[in-house]
Amino acid sequence: MPGSSRTYAFLGPEGTFTEAALLQVPDALQAVRVPASNVNAALDRVRDGSADAAMVPIENSVEGGVTATLDAIASGEELRIIREVLVPISFVLVARPGIGLEEVRRVSTHGHAWAQCRLWVDKHIPEAEYVPGSSTAAAALGLLEQDCTYDAAICAPLVAREHPELSVLGEDIGDNPGAVTRFILVSRPGALPARTGADKTTVVVPLPEDRPGALMEILDQFASRGVNLSRIESRPTGQYLGHYFFSIDADGHAGEARVGDALAGLHRISPGTRFLGSYPRADKQVTPVAAHTSDAAFSAANTWVQSILGAESVAGESGSEASRTA
Ligand SMILES: O=C(O)C(=O)Cc1ccccc1
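Keep in mind that what you see is a predicted model, and the values were worked out from it rather than measured.

Following Gly 12, the chain continues into Pro 13 via a peptide bond in cis, with omega recorded as 5°. Mapped onto the secondary structure, Pro 13 falls in the loop between strand 1 (7-11) and helix 1 (17-22). Even without being a glycine, Asp 172 presents a positive backbone phi close to 50°. Within the element layout of this structure, Asp 172 appears in the loop between strand 10 (167-171) and strand 11 (180-187).

To continue, consider the UniProt feature "domain: Prephenate dehydratase" (unreviewed entry) in the chain. If you check UniProt for "domain: Prephenate dehydratase" (unreviewed entry), the listed places come out as residues 7-188 in our numbering. Within residues 7-188, the helical portion is 29% and the strand portion 32%, while the C-alpha atoms at the span's ends are 13 Å from each other.

Here we come to the packing of helix 9 (residues 214-223) against helix 10 (residues 257-269). The contact between helix 9 and helix 10 brings their axes to 8 Å, and the two run at 165°. Here helix 10 runs roughly antiparallel to helix 9, going by the angle between their axes. Judged by the sense of rotation from one axis to the other, the crossing of helix 9 with helix 10 is right-handed. Counted together, Glu 217, Ile 218, Gln 221 and Phe 222 of helix 9 and Ala 262, Gly 265, Leu 266, Arg 268 and Ile 269 of helix 10 form the full contact between these two elements.

Attention now moves to the UniProt feature "domain: ACT" (unreviewed entry) in the chain. Taken from the UniProt record, the annotation "domain: ACT" (unreviewed entry) applies to residues 203-280. Note that residues 203-280 is 29% helix and 35% strand, and that its end C-alpha atoms are spaced 15 Å apart.

Glancing now at the sheet that holds strand 13 (residues 229-236). Read from one edge to the other, the open sheet built from four strands follows the order 13-14-12-15, with strand pairing classed as antiparallel. What marks the edges here is a single partner per strand, and that holds for strand 13 and strand 15 (274-280). Averaged over all neighbouring strand pairs, the angle between strand axes comes to 15°, with direction disregarded. Relative to strand 14 (residues 244-251), strand 12 (residues 199-206) runs antiparallel, the two sharing seven bridges.

Cut-offs applied
- Residues numbered from 1 in each chain as written.
- Predicted model: local features only at pLDDT ≥ 70, side-chain atom pairs only at ≥ 80, totals over all residues.
- Heavy atoms only, no water.
- Helix = DSSP H or I, 4+ residues; strand = E, 2+ residues; numbered from the N terminus.
- UniProt positions renumbered as here; feature names shortened; annotations may be inferred.
- Axes fitted to C-alpha atoms, helices over the stretch in contact; angles between N-to-C directions.
- Parallel < 35°, antiparallel > 145°, perpendicular 65-115°, else oblique.
- Left-handed = near helix turned anticlockwise from the far one by under 90°.
- Contact = heavy atoms within 4.5 Å.
- Pairing = 2+ DSSP bridges.

Written as structure tokens, this is what we have:
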């Protein structure tokens, strides 16, 4: 709509990797961008309508799933993923001026950043104590406060460049040079993004209890329809010990027959299944579809079944069950 500006929340403050992900969304460049102090606060802004969408981290190639995000989108008012963004990650260690590496005792950063710099920390500052931070940028900016209780922070190189008052004590300190984090743009439920042929579908499936083979049945809904999975992780529901849900990414779009059919199967097995969206893959890799799981094959199969039921309804016109339900 001309004249109306969209509002995007993100895990802030300015300078987080999440902000870098948001800046890859062309729309967001002209939009109002609102930093939030944690993932839940960013998603709450979408739920209460004060933001149209929120960018949050969901998965890292080294450290795995961002549990705060996986849990926050799995329950509460429904949300939808409408886009994913990949950001290559590299880290620096910054400190207040005058502090040398040998003086660093306490280091703050986001938990995922700390976990990705273990080898460097063990080698260069083995005695350092970890102080959890809400984000990498928040930890770095905290160093500029009078009453800061730590000596250094791990953050993005951009934050160090924008704050020359911080001194860089280590560059490229990540254990894995190819680390990539995946971020998701989340909105309230609405029209699904259009099919592109290179899409991903995310669902949350509570594991039915006391049912041997339940996980196998869940996986079979995808396997038997030729749907590939790119991520599956279990998380405790938090209700009681031993109660889990699975967070699953599958290749394909809910509008494709094989994916829609798999979703219907999941709902039969686990009626609490939550659809979290179908959206274009960031790497644009087209999903290969075998002929027997194509939309055309599903449509031909349905037509065949309908033709059988049609023939039965003619035969049973005198009022059989088949003629009433066909
Ligand atoms: O804290 C940040 O900068 C974030 O955006 C979260 C995060 C932390 C570490 C790796 C990737 C994303």
